[in-house]
Amino acid sequence: MRRLVLLTGLFVFNVCEAPHWCPDGEVVKFVDEVSISVSSGKGGAGAVSFRREAMEARGGPDGGDGGRGGHVVFRVQPQLNTLIDYRFKKKFSAENGHPGRFSNMTGADGKDLILEVPPGTVVKDAETQEVLLDLSEPGDTVFLKGGRGGKGNWFFRTSVNQAPENAQPGEMGDLRQVHLELKLIADVGVIGYPNAGKSTLISSISAAKPKIADYPFTTLAPNLGVVRAHDERSFVVADIPGLVPGAHKGIGLGTQFLRHIERTNLFVHLIDASGSAGRDPLQDYRDIMHELVEYDRAKAAEEGFRPLAEREQLVVLNKIDVLPPEDLAILQDRFAREGIVTLSISAASHRGLRELVTEIGKRVLK
Ligand SMILES: Nc1nc2c(ncn2[C@@H]2O[C@H](COP(=O)(O)OP(=O)(O)OP(=O)(O)O)[C@@H](O)[C@H]2O)c(=O)[nH]1
Ligand SMILES: [Mg+2]
């Protein structure tokens with residue numbers, strides 16, 4: 001179920017419906033994968049040509065060589081973090097070499113095909129699954145060489161055959177079906193109470209289709225969506241199962257899922273502003289912050305651990321479609337008086353999502 005959705009001017013895609021669950025406590029990794037066919041260019045043909053000059057009736061051979069076909073090159077581009085560009089176009093070909101010409105002119109080489117991929121991309125044979133390239137460091141790797149250009153008839157002249165009429169055709173390029181795989185780590189983690197609308201948000205800004213329902217703990221494992229911001233770059237958002245007071249003591253689903261966003265620098269802290277569950281939204285915010293602080297306390301001794309409560313957060317009031325504007329203004333003001341800047345959205349009706357995605361994009365991609 002992969003599809004393209006045009007949403008308030010943003011292109012948004014799905015990556016992978018089934019997160020690859022990783023029970024050993026590592027950061028959950030999701031796999032972005034695509035199959036494509038790539039071909040290098042055919043070499044240009046050598047030319048058969050003879051000099052034609054005013055004072056020379058029978059000029060010698062002067063057919064030049066054909067140019068080399070374009071190579072297929074994988075370029076590791078650190079700014080990329082998904083394989084989103086290969087989701088729809090499936091066939092990629094380098095340019096063929098140009099034929100040789102008269103006056104012993106060599107044909108131009110075909111243009112190389114440069115395939116930009118994020119670091120961590122593994123290139124496998126689509127059929128055998130054999131790993132062909134493991135691309136982690138920035139730089140270029142020639143994957144398929146272009147065919148050699150054919151020799152022109154100038155090359156074949158000898159003392160006994162001074163007017164050869166033969167030239168070589170260009171060598172064929174290579175064609176391969178490959179499977180690209182990338183393990184993704186979320187750039188943004190969506191946290192909040194159960195039913196805050198975390199899965200609804202991810203389904204509205206990406207093509208991921210997590211289960212959504214009006215009961216708590218609908219989400220039992222993180223969901224992942226890839227969002228493409230309007231500037232053509234993309235980022236990965238993970239929806240974390242809901243937290244409740246006492247989660248650090250194992251209440252509800254506990255805080256076990258927070259480990260999946262330990263390497264995430266930005267959180268969207270989503271709050272049900274409608275108060276539909278009978279709770280106060282500002283208190284919801286404090287409750288979740290308290291759970292983060294408790295989580296941090298338990299992890300403090302771990303080397304390299306960076307407290308979650310101190311990470312950058314976008315505090316987002318959701319479900320504003322069912323909140324009278326004056327109540328929303330009062331709520332925004334209550335947060336503001338505590339020094340908390342809020343954004344307001346309706347994940348269900350898409351209000352404010354463009355601004356939210358732009359804001360996330362600015363912070364993640366800066
Ligand atoms: N009116 C309104 N309802 C919303 C909005 N966003 C989500 N909901 C509803 O809120 C309920 C919970 O939504 P989910 O997206 O499943 O919430 P969640 O935060 O993922 O919940 P858990 O997975 O249980 O933690 C569903 O009934 C949604 O339809 C919104 O913007 N407006
Ligand atoms: Mg959910």
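Residues numbered from 1 in each chain as written. Chains lettered and ligands numbered in written order. Predicted model: local features only at pLDDT ≥ 70, side-chain atom pairs only at ≥ 80, totals over all residues. Heavy atoms only, no water.

1. A look at the packing of helix H1 (residues 198-205) against helix H4 (residues 353-364)
For the pair H1 and H4, interaxial distance at closest approach is 11 Å and the crossing angle is 85°. For the element pair H1 / H4, the angle class is roughly perpendicular. Here H1 contributes Leu201, Ser204 and Ile205 to the contact with H4, which in turn contributes Leu353, Leu356 and Val357. Grouping the constituent residues of the contact of H1 with H4 by class yields five nonpolar, one polar and no charged. (Axes fitted to C-alpha atoms, helices over the stretch in contact; angles between N-to-C directions. Helix = DSSP H or I, 4+ residues; strand = E, 2+ residues; numbered from the N terminus. Parallel < 35°, antiparallel > 145°, perpendicular 65-115°, else oblique. Contact = heavy atoms within 4.5 Å. Nonpolar A, V, L, I, M, F, W, Y, C, P; charged D, E, K, R; others polar.)

2. Describing empty space enclosed by the protein
Using the criterion set out here, one finds one cavity of 30 Å³ or more in the structure. In this model, the largest cavity occupies a volume close to 30 Å³. Around the largest cavity, the lining residues are Gly192, Tyr193, Ala196, His269, Leu270, Ile271, Asp272, Arg279, Asp284, Tyr285 and Ile288. Those elements that provide at least two residues to the lining of the largest cavity are strand S14 (266-272) and helix H2 (281-299). When residues in the lining of the largest cavity are grouped by element, the largest group, four residues, is from S14. When its residues are assigned to classes, the lining of the largest cavity shows six nonpolar, two polar and three charged. (1 Å grid on protein atoms, 1.4 Å probe; cavity = no way out; pocket = protein on both sides within 12 Å on 5 of 7 lines; lining within 4 Å. Points joined across faces, edges and corners; volume = space filled by probe spheres on them.)

3. Describing the pairing of strand S4 (residues 72-76)
Of all five residues in S4, four are buried; the element is thus mostly enclosed. Relative to strand S6 (residues 113-117), S4 is paired through five bridges, and the arrangement is parallel. In the sheet register, Val72 faces S6, and the bridge partner there is Leu113. Bridge count between S4 and strand S9 (residues 139-144): five bridges; the pairing is antiparallel. Across the sheet, residue Val73 finds its bridge partner in S9, namely Val142. (Buried < 20%, exposed > 50% of the residue type's maximum accessible area, 1.4 Å probe, protein only. Pairing = 2+ DSSP bridges.)

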